[in-house]
Amino acid sequence: MTTFFRENLKAREMGVYVRFQKPGRQRRQREVSAAQFEPRLINPQVERLFRQLVAHETQPIRQVCINFWI
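The structure contained in this document is the topic of the report that follows. (Residues numbered from 1 in each chain as written. Predicted model: local features only at pLDDT ≥ 70, side-chain atom pairs only at ≥ 80, totals over all residues. Heavy atoms only, no water.)

1. Quick word on the pairing of strand E1 (residues 11-20)
Burial analysis of E1 places 7 of its 10 residues in the buried class, the great majority of the element. Note that E1 and strand E3 (residues 61-69) share 8 bridges and pair antiparallel. When the bridges of E3 are listed, Met-14 appears paired with Phe-68. (Buried < 20%, exposed > 50% of the residue type's maximum accessible area, 1.4 Å probe, protein only. Helix = DSSP H or I, 4+ residues; strand = E, 2+ residues; numbered from the N terminus. Pairing = 2+ DSSP bridges.)

2. With respect to unusual backbone geometry
For Asn-8, which is not glycine, the phi dihedral falls at a positive 55 degrees. With respect to the helices, strands and loops of the structure, Asn-8 is situated in the loop between helix H1 (2-6) and E1.

3. A look at helix H2 (residues 39-54)
Taking 1.5 Å per residue as the helical rise, H2 with its 16 residues ought to reach 22 Å, and the 22 Å between its terminal C-alpha atoms agrees with that figure. Residues Ile-42, Gln-45, Val-46, Leu-49 and Leu-53 constitute the buried set of H2. Across the axial projection of H2, the buried residues extend over an arc of 100 degrees, all falling on one side. With respect to the buried face of H2, the exposed residues turned more than 90 degrees away are Arg-40 and Arg-51. (Expected span 1.5 Å × (residues − 1). Arc of directions from axis to C-beta.)

Quick look at the structure:
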């Protein structure tokens, strides 16, 4: 988020990828209504996407990736 602010970049889309212990990957992404860089707006959305991905999983998480597209 610091880089977004410093470079005056704003995210138009964000995605969360989760890899679990067993092979396979789950992904959720969301387009935001207005480009933004403020953590107070982005963090809850990223957390919501993550919770949707892991809600019904029982296996351990191996990797989490958060991506932003400008």
